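Chain by chain, the residues:
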Amino acid sequence: MTQNTLTLRKPDDWHVHLRDGAMLEFVADFTARQFARAIVMPNLTPPVTTVDQAIAYRDRINAAVPAERGFTPLMTAYLTDTISADEIERGFREGVFTAAKLYPQNATTNSAHGVSDIANIRPVLERMEKLGIPLLVHGEVVSPDIDIFDREAVFLDTVLGPLLKEMPGLRVVLEHITTEHSVEFVKAGSENLAATITAHHLRIDRNDMLVGGIRPHAYCLPVAKRRLHKLALRKAAVSGNPKFFLGTDTAPHERHAKESACGCAGIFSAPVAIESYAQTFEEEGALGKLEGFASEFGPAFYRLPFNEGTITLKRQPTDIPAALEAGDIKIVPFHAGEAMAWRLVED
Ligand code: DOR
Ligand code: ZN
């Protein structure tokens, strides 16, 4: 019998870009309407590198979300070559920083202040290992001689692999994994290593971006790889292995900034995130595995309680608009122009 409703323990999003200013006002509730908590990326301009900046940003997020949602933003520190271990420790002890994010310098949007050499943050990583603060990793090397499709694999081989050997107690989330190699790397790692998987990397491969014309709305970083990698990610997501959990990496950019001769990286999946995951899990014959992936494995890794409430999805074909607009801002969402099978029921 076909299942027509799906009730899940309220999920969390372990990787979001909420931006700031008018964009924050526009996008925040798309996340808050479905997720109880979200790990908020710190790649603003300027980046969130201090406890005070994180508190101020958290206040702006809370002001942008209707109070009745009961949404909790979980803040992260942006690691730079010069950030102090004491600042990270203070933020963690004061309940402001849930984790710290490693962007290799110039790897992606607003990463110019990122880390140029992991050796520069060694004392910070040692402190994080000691205190159990999760390190969230954008796992790509940025070297002009490395092909963009190989950046993630080379990062694991040359940076993350050696780091985990030196600091086995460091708790690491490899964010938005895109390859079979990463799936195997995470599976083979200790219980201190986990990974997030985006909704879009479960559905698009590089053909979706490049065949029949160049499609800027399918462009993100790490870039989508060959189909076989997408299939490996789908298998990992539905496997029930708690090392893999939900992190959308929803990353809104205005339409004109994506549809450009040099378009920005990022896919705005927040308006359709849980529906998209549900569609993928259903296609894999694994709807029953969605709750673990979306609502349980993340909090277990972050050592946080499970959420108490639930959300319900209904089988109800829903057309996703070509663009979403607020004031002057126009953004093309993931699945634009498609009909989706599931819809989040809002009370
Ligand atoms: O596609 C991406 N967009 N990947 C990232 O790592 C950053 C993000 C953004 O901030 O736009
Ligand atoms: Zn991201």
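Residues numbered from 1 in each chain as written. Chains lettered and ligands numbered in written order. Predicted model: local features only at pLDDT ≥ 70, side-chain atom pairs only at ≥ 80, totals over all residues. Heavy atoms only, no water.

## Some remarks on helix α10 (residues 273–283)
Three- or four-residue spacings in an α-helix give side chains the same orientation, since the helix completes a turn every 3.6 residues. Taking burial as the measure, the 11 residues of α10 include 9 buried ones, the bulk of the element. At the exit of α10 stands Gly-285, carrying a positive phi of roughly 65°. (Buried < 20%, exposed > 50% of the residue type's maximum accessible area, 1.4 Å probe, protein only. Helix = DSSP H or I, 4+ residues; strand = E, 2+ residues; numbered from the N terminus.)

## Comments concerning the coordination of the zinc ion (ligand 2)
Every protein donor of the zinc ion (ligand 2) is listed here as His-15 (NE2), His-17 (NE2) and Asp-249 (OD), and their distances to the metal cover 2.0 to 2.1 Å. Spacing between the donor residues of the zinc ion (ligand 2) along their common chain follows H-x1-H-x231-D. One end of the pair, His-17, is in the loop between β2 (13–16) and α1 (21–32); the other, Asp-249, is in the loop between β9 (244–246) and α9 (255–258), with 232 residues separating them in the sequence. Here the two residues His-17 and Asp-249 agree in accessibility, since each one is buried. (Donors = N, O, S within 2.8 Å, 3.2 Å for Na, K, Ca; no water.)

## Thoughts on the nonpolar core
Generally speaking, a soluble globular protein has its nonpolar side chains buried in company with each other. Of all hydrophobic cores here, the largest spans 87 residues; its most connected members are Tyr-57, Leu-79, Ile-88, Met-128, Leu-135, Ile-197 and Leu-290. The greatest single-element share of this core, amounting to 6 residues, is contributed by helix α5 (residues 151–166). Not counting residues within four places of it along the chain, the set of residues in contact with Tyr-57 comprises Leu-18, Arg-19, Asp-20, Leu-24, Val-40, Met-41, Leu-44, Val-48 and Met-75. Membership of the second largest hydrophobic core comes to 14 residues, among which are Ile-39, Tyr-78, Ala-99 and Val-173. (Core = buried A, V, L, I, M, F, W, Y, C linked by side-chain atoms within 4.5 Å. Contact = heavy atoms within 4.5 Å.)

## Structural notes on the pairing of strand β4 (residues 72–78)
Among the 7 residues of β4, 6 are classified as buried, and the element is accordingly described as predominantly covered. Sheet topology note: the strand β3 (residues 37–40)/β4 ladder contains 4 bridges and is parallel. When the bridges of β4 are listed, Val-40 appears paired with Met-75. Tracing the backbone out of β3, into helix α2 (residues 51–64) and back to the parallel element β4 gives a crossover that is right-handed. Sheet topology places β4 next to strand β5 (residues 97–102); 4 bridges connect them, and they run parallel. Bridged to Thr-76 within β5 is Ala-99. (Pairing = 2+ DSSP bridges. Right-handed = clockwise from strand over helix to strand, strands pointing away.)

## Overview of the packing of aromatic side chains
Under the criterion given, the structure shown has 10 aromatic pairs. Seen from their ring centres, Trp-14 and Phe-245 are 6.4 Å apart, and the 80° between their planes marks the pair as edge-to-face. One end of the pair, Trp-14, is in strand β2; the other, Phe-245, is in strand β9, and 231 residues separate them in sequence. Trp-14 gets classed as buried once you look at its relative accessible area, which sits at 0%. Ring centres of Phe-26 and Phe-30 lie 5.9 Å apart, and the angle between their planes is 70°; this geometry places the pair in the edge-to-face category. Note that Phe-26 and Phe-30 are positioned in helix α1 at a spacing of 4 residues, about one turn of the helix. An aromatic cluster of three or more residues is present, and its members are Trp-14, Phe-245, Phe-301 and Tyr-302. Across from the ring centre of Phe-301, 4.4 Å away, lies the NZ or CZ of Arg-171, which sits over that ring. Here the guanidinium or amino end of Arg-206 rests over the ring plane of Phe-149, the centre of that ring lying 4.6 Å away. (Phe/Tyr/Trp six-rings, centres within 6.5 Å; stacked < 30°, edge-to-face > 60°. Lys NZ or Arg CZ within 6 Å of the ring centre and 35° of its normal.)

## Remarks on the site of ligand 1
For ligand 1, the set of nearby residues contains 13 residues, the closest of which are Arg-19, Asn-43, Thr-108, Leu-221 and His-253. The contact in question runs from a nitrogen atom of ligand 1 to an N or O atom on the backbone of Leu-221, over 2.8 Å. One of the backbone N or O atoms of Ala-265 is found 3.0 Å from a nitrogen atom in ligand 1. Of the residues contributing to the shell around ligand 1, the split by class is 4 nonpolar, 7 polar and 2 charged. (Near = heavy atom within 4 Å. Polar contact = N/O pair within 3.5 Å; in protein donor to acceptor, adjacent residues only side chain to side chain. Nonpolar A, V, L, I, M, F, W, Y, C, P; charged D, E, K, R; others polar.)

## Notes on the environment of Val-172
In this structure, Val-172 sits in strand β7 (residues 172–174). Linking Val-172 and Thr-248, residues 76 residues apart in sequence, is a C-alpha distance of 17 Å. In contact with Val-172, not counting residues within four places along its chain, are Leu-135, Val-137, Leu-160, Leu-164, Asn-192, Leu-193, Ala-194 and Phe-301.

## Thoughts on α2
With 14 residues, α2 extends 20 Å from end C-alpha to end C-alpha; this agrees with the ideal 20 Å at 1.5 Å per step. Restricting attention to buried positions, one finds in α2 the residues Val-51, Ala-54, Tyr-57, Ile-61 and Ala-64. For α2, the buried positions fall inside an angular range of 140° around the axis, keeping them on one side. Of the exposed residues in α2, those oriented more than 90 degrees away from the buried face are Asp-52 and Ala-63. In this structure, the buried residues of α2 make contact with α1, β3, β4, α3 (85–93) and β5. (Expected span 1.5 Å × (residues − 1). Arc of directions from axis to C-beta.)

## Digging into the sheet that holds strand β10 (residues 310–319)
What the 3 strands build is an open sheet, ordered β1-β10-β13; its pairing is antiparallel. Unpaired on one side and paired on the other, β1 (5–9) and β13 (339–344) mark the two borders of the sheet. Each neighbouring strand pair of the sheet contributes to a mean axis angle of 30°, computed without reference to strand direction. Pairing analysis gives 5 bridges linking β10 to β13, with the strands arranged antiparallel. Bridging from a neighbouring strand, Asp-319 pairs with Ala-339 of β13. Across the sheet, α10 lies against β1, β10 and β13, angled at about 115° from β13, the strand it touches most. (Axes fitted to C-alpha atoms, helices over the stretch in contact; angles between N-to-C directions.)

## Concerning the packing of α3 against helix α4 (residues 122–131)
At a minimum axis separation of 9 Å, α3 and α4 run at an interaxial angle of 30°. When the axes of α3 and α4 are compared, the pair comes out roughly parallel. Here the hand of the crossing between α3 and α4 comes out right-handed. Side by side, α3 and α4 meet where Ala-85, Asp-86, Ile-88, Glu-89, Phe-92 and Arg-93 of the first sit next to Pro-123, Val-124, Arg-127, Met-128 and Leu-131 of the second. In terms of residue class, the contact of α3 with α4 is made up of 7 nonpolar, no polar and 4 charged. (Parallel < 35°, antiparallel > 145°, perpendicular 65-115°, else oblique. Left-handed = near helix turned anticlockwise from the far one by under 90°.)

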